[in-house]
Amino acid sequence: MARRSLKASTEGTTTLKATLKRKKWSQTFLAGAAGCSRQTVWSLLHGNPIDAEVFLEICTQIGLSEHEIAEAGQAEEKAGIVLEIDELVRQVRAQIKPWIQERYGFMNVLSMTRPIGLGDIYTDVNILENITGRKRLALKELEENCLVEDFDRFGFSDLRKVERVPGLNAVDRCRKMVVLGKPGAGKTTFLKRIATQCNLGSFHAGLVPIFVSLKQFSETKGYPALLDYIANQWAECNVKDSEAKAETLLYEGRVLVLLDGLDEVIKEDSPRVIEDIRQFSERFYKNLYVLTCRIATHEFKLEQFTEVEIADFDDQQIAVFVTKWFELKNPERTESFLRKLKESPRIQELATNPLLLTLLCLGFEESAYFSDSRAALYKESLNVLLKSWDTKKPGIEDEQVYRQLTPDRKEDLLSQLAYQTFEQGQYFFGEDIAKQHISQYIANLPSADTDTKQLDMDSEAVLKSIEGRHGLLIARSQGIYSFSHLTFHEYFAAREVKEKFLFQQVANHITEYRWREVILLTIGMLPNADDFICQLKQTTDTLLKHERELQTFLAWASNKTQNVEASYKQPAIRAYYLWIGYDFNDFPILGIDSTLDSDRGFPLNIFPDVSDSFQWSGIYDFWHEPDPTPIYNCNLDYNLDLDELLNRVMWNAFDFANIDSHGSLQNSLNDYLLPNLIREFNIAINLARKLNLPTTLHQKLLTLKNEIPNLDHTTQNIFEQWWVSHGQNWAERLREIIIQYRNIGYDWHFTPDQLKKMELYLSANRFLIYCLNSDCVITRSVREEIENTLLLPIAEIEIRKSEKKE
């Protein structure tokens, strides 16, 4: 049996305190993590003995070995099982250490001729503990700090104003974490860094690191469970009885589980993989978990996992990365690169993404200048990969079939392969599939040998050439290939869409988030994007074509908009009324606090100052002044505020009237909901008077207000009883008034299926506006036509088309 108590040595308490300070953990936080009282932690830090099991759990939580903390002689006296676990950790770490370091301690940056040590190029990343796309002020901050035409980082607030946490510190703060990020944000590199630091004993030295590529895991033959997959990894490292040892260490909480690239798992496999992760993490709950996923494809929820976002590089990180990059090859370019980057604000925004910064460095090595668009940037880098670097690798030029593949032909070949595999959701594909596409292409080349065996040999030679020379296709495992980065897969797929005019086929995918980067790149490549953008608009409009109730909803918003004067464009006002007409909490239509497609916020610049309406158009004056003078020369925007106030008062009134007087929420509602309801109703009445609306509306609202007992002149019980007895009727009469005078307040009864369709429709519209504001060429008349018909019902769109033809 283990000793009943253990205590820390003098050196151990010093180590504990230093570790707590480094992690920024309070004693209360550590107590909560270890499942003990704060007094117990205090006793331990002051050299007093505490329960042995609690002592060991604190060591596990803080990432230290009990041998480092316990007073000399005590650790050896505890139960043999504890010593066995420590020894098992030591043995397994020793056996897998070379494998971890070899596999994850190096990087092959694009097509560099040799891998480089992760530490030679790695730049520490920072973590945003609050997802930026869910902050109400995120879009406003971005609009103030970014160029109007640059929306590559739309939906992400200015990093200089957001608190950021060093990556490893963030891992320390929570035991289960999902790291979200944009494409190329460095998620996989960050996970490799964690693995290698743990492997070297610099981070959680008492744990065994496990790195799982979820795409490879999902496609493993036989679909093994996660535990079996990990055991097989260890077996490759000559760990005997790997399954039993893995299970033991997992049960004891001695493993650092790193799960990479959930977004790369194809849709059909995703539910199975997510469920496997859920069960695994619940069964082995004591371990430390880090999972990565692209933020644009984040459509899952793991209840016990804390979601964070990997931050873009700041200026200091960019400088560190660039310095390390050019130190390897061309040190004198560092100063020139950073100077030109500072002179190009838009390119500097692109440089905050680690992948794009890598591409910029690659291009700058050869050309010493920057391209201005994302598509052009990729093209410039690919020119380096396909042309400049091709001459640096001798030997393959002698192969006839390879010599016929000019850089343009290689791009054609890769584009066909990329589009067809991307369409199938195949981010990884077998060597036979790659060779099949190559065979079909080279069979049409001049002087091609169409003999089946020769074509097979030639296709294999071309595949190996592309892999060896350019690094655009790489072997992920035996017989399995992929593009070296998803960005290149998307770029070549977009190129195929452009070259083959596959606009209709791709437009059909507008509601699928994984296609959106392909769409954006395609638009950026086209000399004129009119046809494609019109096809996207047509497909978006027809998403709700057969939904009668939703078409009625759109028609109401359109009708309401036509009868409201405001300083914003009509589409913005339609969006506003769709928002207040039905509270799409998970999809604020104008992109505020977006949770769907959060890396593609709704560009507001086509709606001048539309976000002001969310700042209440100066309505705060009415909170403090009994008879204020409107701050605008006209009262247009107060119409929007009045409608939102009346709509919210009505629904809050219904909510409050339906609360049981003995319900558990009563007190909080009394303290917050009802006083706010009355205060906002007073503001609405004042607004109705100031807007010179029909006096009947003001009088009827005032009559309703006078029916409410004055809380200052009556008892709480009488006040509450009035709402229980009369609140429902009061709210119904308010509904009748605002329907009659303001054409709002309808109770739309949408089914869950209709809501889902509506959210997809709104998401597509928001993305469509993003496309209009991306780096593309669109005829002004086409742009105006699309803007003017946003969020209209099908019938009205058809009428407008007919009128235009006439």
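Here is what the cut-offs are and how they apply
- Residues numbered from 1 in each chain as written.
- Predicted model: local features only at pLDDT ≥ 70, side-chain atom pairs only at ≥ 80, totals over all residues.
- Heavy atoms only, no water.
- Helix = DSSP H or I, 4+ residues; strand = E, 2+ residues; numbered from the N terminus.
- Buried < 20%, exposed > 50% of the residue type's maximum accessible area, 1.4 Å probe, protein only.
- Contact = heavy atoms within 4.5 Å.
- Expected span 1.5 Å × (residues − 1).
- Arc of directions from axis to C-beta.
- Polar contact = N/O pair within 3.5 Å; in protein donor to acceptor, adjacent residues only side chain to side chain.
- Pairing = 2+ DSSP bridges.
- Salt bridge = Lys/Arg side-chain N within 4 Å of Asp/Glu carboxyl O.
- Phe/Tyr/Trp six-rings, centres within 6.5 Å; stacked < 30°, edge-to-face > 60°.
- Lys NZ or Arg CZ within 6 Å of the ring centre and 35° of its normal.
- Core = buried A, V, L, I, M, F, W, Y, C linked by side-chain atoms within 4.5 Å.

(A) Region of interest: the overall build of the chain. Of regular secondary structure, the chain possesses 38 helices and 14 strands. Per-residue burial for the chain yields a buried fraction of 57% across its 806 residues. The contacts of the chain with a sequence gap of at least 6 include a subset with a gap of at least 24, amounting to 73%.

(B) Geometry of helix α34 (residues 695–707). Given a rise of 1.5 Å per residue, 13 residues ought to cover 18 Å, and the 19 Å separating the end C-alpha atoms of α34 matches this to within 8%. For α34, every residue scored as buried is listed here: L697, H698, L701 and L704. Along the axis of α34, the buried residues cluster in a sector spanning 125°; they form a single face. Pointing more than 90 degrees away from the buried face of α34 are the exposed residues T695 and N706.

(C) Region of interest: the environment of D51. Take D51: it is sitting in strand β2 (residues 50–51). As for D51 and S5, which are separated by 46 residues in sequence, their C-alpha atoms are 4.3 Å apart. Among the polar contacts made by the side chain of D51, one reaches the main-chain amide nitrogen of V54 at a distance of 3.2 Å.

(D) Just the sheet that holds strand β10 (residues 288–294), in detail. Judged by pairing direction, the sheet is mixed, and its seven strands sit side by side in the order β6-β5-β11-β7-β10-β9-β8 without closing on themselves. A strand with exactly one partner marks an edge of an open sheet, and here the two such strands are β6 (165–166) and β8 (208–213). One ladder, built from four bridges, connects strand β7 (residues 176–181) with strand β11 (residues 306–310); its direction is parallel. Paired with V178 across the bridge in β11 is E307.

(E) Summary view of the pattern of salt bridges. One pass over the full model with this rule turns up 26 salt bridges. Ionic pairing is found between E87 and R90, a salt bridge with its closest N-O pair at 2.5 Å. Of this pair, E87 and R90 are both found in helix α7 (residues 80–104), three residues apart, which corresponds to roughly one turn of the helix. Residue E87 is classed as partly exposed on the basis of its relative accessible area, which comes to 32%. By relative accessible area, which is 48% here, R90 ends up partly exposed. In this structure, the salt-bridge partner of D412 is R495, at a minimum N-O distance of 2.8 Å. Of this pair, D412 sits in helix α22 (residues 407–423) while R495 is found in helix α25 (residues 486–500), placing the two residues 83 residues apart along the sequence.

(F) A look at the packing of aromatic side chains. Overall, the coordinates contain 33 aromatic pairs when judged by the stated rule. Ring centres of F501 and F503 lie 5.9 Å apart, and the angle between their planes is 85°; on these two criteria the pair is classed as edge-to-face. Using a relative accessible area of 60% as the deciding quantity, one classes F501 as exposed. Cluster of aromatic residues (ring-pair linked, three or more members): F553, W556, Y576, Y577, W579, Y746, W748 and F750. Directly above the ring of W25 sits K23, whose terminal nitrogen or CZ lies 5.0 Å from the centroid.

(G) Region of the structure containing the nonpolar core. Ranked by size, the top nonpolar core spans 204 residues in total, and within it L214, W234, F337, I533, L536 and W730 carry the most contacts. Among the nonpolar cores identified, the runner-up in size contains 22 residues, and V41, L56, C59 and A70 belong to it.

(H) Expanded view of the pairing of β11. Of all five residues making up β11, four are buried, and the element is well covered by its neighbours. Bridging between strand β5 (residues 126–128) and β11 involves two bridges; their strand directions are antiparallel. Residue pairing in the sheet places I127 in a bridge with I310 of β11.

(I) Structural view of the environment of G181. Looking at where G181 falls in the secondary structure, it is placed in strand β7. Given a relative accessible area of 1%, G181 falls into the buried group. With 54 residues separating them along the chain, G181 and I127 place their C-alpha atoms 9.8 Å apart.

(J) Molecular detail of the side chain of T561. Relative to the assigned elements, T561 resides in helix α29 (residues 548–562). For T561, a relative accessible area of 0% puts it in the buried group.

(K) Layout of helix α30 (residues 570–581). The terminal C-alpha atoms of α30, which comprises 12 residues, lie 16 Å apart, in line with the 16 Å expected from a rise of 1.5 Å per residue. Burial of α30 is extensive: 11 of the 12 residues sit out of reach of the surface. Every buried residue of α30 is accounted for by P571, A572, I573, R574, A575, Y576, Y577, L578, W579, I580 and G581. Packing partners of the buried residues in α30 comprise α29, α32 (638–657), α36 (752–772), α37 (780–788) and α38 (794–805).

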